[in-house]
Each structure stands twice: as C-alpha cells, then as structure tokens.
Amino acid sequence: MATYAIGDVQGCHDELEQLLSRIGFARKDQLWFVGDLVNRGPKSLEVLRYVKALGRRAVVVLGNHDLHLVTQHEGLEPARKDDTFADVLAAREREPLVDWLRRRPMMHVERGYAMVHAGLLPQWSVATALKLAKEVERALAARNYRAFLANMYGSQPDRWRDALTGWDRLRVIVNAMTRLRFCTRAGKMDFRAKGITPPRGYLGWYQLRKDRQTIVWGHWSALGLKLGERFAALDSGCVWGGKLTALRLDDRRLYQVDCRGYQSAGGDG
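Here is a short report on the structure shown in this document. Everything numeric here is computed off the predicted structure, so don't read it as measured data.

Comments concerning unusual backbone geometry
A cis geometry characterises the amide bond from Gln156 onward to Pro157, with omega recorded as -5°. You can see Pro157 is positioned in the loop between helix H7 (145–150) and helix H8 (166–179). One non-glycine residue, Gln10, lies in the positive phi region at around 50°. Along the chain, Gln10 turns up in the loop between strand E1 (3–6) and helix H1 (13–23). A relative accessible area of 2% means that Gln10 is categorised as buried. A positive phi is found at Arg111, a non-glycine position, where the angle reads about 50°. Following the sequence through the fold, Arg111 ends up in the loop between strand E4 (107–110) and strand E5 (113–116).

See the structure below:
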C-alpha cells in the first residue's frame, strides 16, 4: 500500500485522472488531498463525485474554495465572477455532495505527517493545531452549522490568543488553516500579499516552524512546489497552467503531469 499527497486539484478532473494513471494508483493505495478540490477549473462536480466515491481511500482537508462552495450552496455568500462550480450547484446530488464536503477535516495527522490546506501559526504545536481544527469541525457538523458559516468570513482578529472565544476564535483558526501565507513571529497574519515577497516584518509561515512532523500543504500557487526536510508545499498551479503534483509519502518520490491551464497565470489560489 502506498500513500500519495496531491496538490490543489481545483476542478481539474482530467489532470487528476492522468496523474493517478501515472502513479499507477491501485485499490490498496490511499490519496491525501490538500484541499481546494473545487473551483477555477472546469469539472468540480466530477472531482467531487470521484473523490467522495473513494471512501476511506481518500483523506481530504478543507480549503478556502471548498468552504466557498459550501457557503454558496447555503446561500450565505454572493457568487463571484470567477467561480466555476455551477456544475455542482446544478447537480441532482448537490445536497449529499456538499454535505460530505462540509464534514471533511480541517487537518490530518498520521505517520509523521501533518496535512493542512494553507498553514499553521507559530504559536501552535501540531498537537495544539489538531485540537483547534476539531473545534471548527464540530461547528461545521453541528445542527446550527449555518450560524457558524454566516460568521466565518473576515480578516479580524488577525492573530491568535488563547483567550479568544466564539466566532472570533473559530474565524482565526479557519483563516490560518485555509488562507495563511505570511505572518510575523508573533503570529500576526497578512492576507493581502499573495506572491512570494513577504510584507515588511513578515515571513512565510513555514519558515517559522520547527516540527518533528513533516507538514504538507497547498494553497500557495505562487510559491509552487517546494520540498524541505520537514515540509512539502504541493500547490504547483495546475489550474493556472502549471502542474498537478503527487508526492508518495512512503519514500517522497515525486510525480507530476502538465496542466493545460484554465485561468490566467498569476492568480490567487
């Protein structure tokens, strides 16, 4: 059995099929998806159908575009002109697909790896982050989950404090795990810079980590594929005309396929 971590798919179903063919994906293997299964690419519905059908063979953490689809489905956020998941919203199985997506974890930790969509704040150990992720997961699975979704968006507070409560507390966790690129050593987050040049006084969040686990993430297409001793950034910009990447976690062998590109290069992941 092999385990493969796969970068942001974002509705690029054809490229996902090509990648799985290249790695020789077998029935006993497992796929880890770093989030953003949907949006910006042309076949979000086919991606969701395929990954959901894998059952326990797929581990998916939630990304910002996945949450955007959930809030669109619930009528809690206006559509954006560059959304491309109308196929999901028009599907007869829309309800069970989005319900399945809403119940995916925020973070996954197993066998020396920790997977999250965007990042972790320097104040959080992996164990602490996993506990915080479960707070959000409980809110998303609760009977009143719509109240959480209605209060989820916003960039304040922009830093973590243990004393945070209520929607503010959950919002900071979501923002770090699904939107983070740059933060200060004190954990103040910046959400405006989307390239690779940090604002003054900020660093890439992963540069502030000292973990025994290898952190696997996506989201940051401008950063691209970046592998280190204790990290693996896997968003290689498929939807922007880059590549779709899989990393075999057992031996860190890399697999990639070229992507035709469905959006203008240089966009936001």
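Considering the environment of Arg94
Its place among the elements puts Arg94 in helix H5 (residues 94–102). With 29 residues separating them in the primary sequence, Arg94 and Gln123 have C-alpha atoms 38 Å apart. In contact with Arg94, other than residues within four places in its own chain, are Gln72, His73, Val88 and Leu89.

Focus on the sheet that holds strand E11 (residues 231–233)
Working definition: the strands of a sheet are paired by backbone hydrogen bonds and lie parallel or antiparallel to each other. As summarised here, the arrangement of the five strands in space is E4-E5-E9-E11-E10, forming an open sheet in which the pairing is mixed. With one partner strand each, in any of the chains shown, E4 and strand E10 (226–228) form the two edges of the open sheet. Geometrically, the sheet is characterised by an average inter-axis angle of 10° between neighbouring strands, direction not taken into account. Judged from the four bridges that link them, E4 and E5 form a sheet pairing that is antiparallel. Looking at E5, one finds that Glu110 is bridged to Tyr113. Across the sheet, helix H6 (residues 126–141) lies against E4 and E5, angled at about 140° from E4, the strand it touches most.

Comments concerning the environment of Gly242
Here Gly242 lies in the loop between E11 and strand E12 (243–248). Sequence separation between Gly242 and Asp8 is 234 residues, and the spatial gap between their C-alpha atoms is 11 Å. Not counting residues up to four positions away in its chain, the partners in contact with Gly242 are Ser236, Gly237, Val257, Asp258 and Cys259.

Looking at H8
The end-to-end C-alpha distance of H8 is 20 Å, a good match for the 20 Å that 14 residues give at a rise of 1.5 Å each. Burial analysis of H8 places ten of its 14 residues in the buried class, the great majority of the element. Among the residues of H8, Arg169, Leu170, Arg171, Val172, Ile173, Val174, Asn175, Ala176, Met177 and Thr178 are the ones counted as buried. Looking at the buried positions of H8, the neighbouring elements they touch are helix H3 (64–73), E4, E5, H6, H7 and strand E7 (189–190).

With respect to the state of the cysteines
Each disulfide consists of a covalent bond between the sulfur atoms of two cysteine residues. Tallying each qualifying case throughout the model produces one disulfide. Here Cys238 pairs with Cys259 through a disulfide, and the sulfurs are 2.3 Å apart. Residues Cys238 and Cys259 share a disulfide whose torsion about the S-S bond is about -105°; that sign makes it left-handed. Placement of Cys238 in the loop between E11 and E12 and of Cys259 in the segment after strand E13 (253–258) is noted, with a sequence separation of 21 residues between them. This pair shows no difference in class: Cys238 is buried, exactly as Cys259 is. Between Cys12, a free cysteine, and Cys238, which holds the nearest cysteine sulfur, the sulfur-to-sulfur gap is 3.7 Å. Cys12 sits in the buried class, given a relative accessible area of 0%.

Section: the packing of H6 against H8
Following both chains from N to C, one finds H6 and H8 inclined at 115°, their axes separated by 10 Å at the closest point. By the angle class used here, H6 and H8 are roughly perpendicular. The way H6 lies across H8 gives a crossing that is left-handed. In this structure, H6 contributes Ala129, Leu132, Ala133, Glu135, Val136 and Ala139 to the contact, and H8 contributes Arg169, Leu170, Ile173, Val174 and Met177. Looking at the contact of H6 with H8, its residues break down into nine nonpolar, no polar and two charged.

Scoring rules and cut-offs
Residues numbered from 1 in each chain as written. Predicted model: local features only at pLDDT ≥ 70, side-chain atom pairs only at ≥ 80, totals over all residues. Heavy atoms only, no water. Helix = DSSP H or I, 4+ residues; strand = E, 2+ residues; numbered from the N terminus. Buried < 20%, exposed > 50% of the residue type's maximum accessible area, 1.4 Å probe, protein only. Contact = heavy atoms within 4.5 Å. Pairing = 2+ DSSP bridges. Axes fitted to C-alpha atoms, helices over the stretch in contact; angles between N-to-C directions. Expected span 1.5 Å × (residues − 1). Disulfide = S-S within 2.5 Å. Parallel < 35°, antiparallel > 145°, perpendicular 65-115°, else oblique. Left-handed = near helix turned anticlockwise from the far one by under 90°. Nonpolar A, V, L, I, M, F, W, Y, C, P; charged D, E, K, R; others polar.

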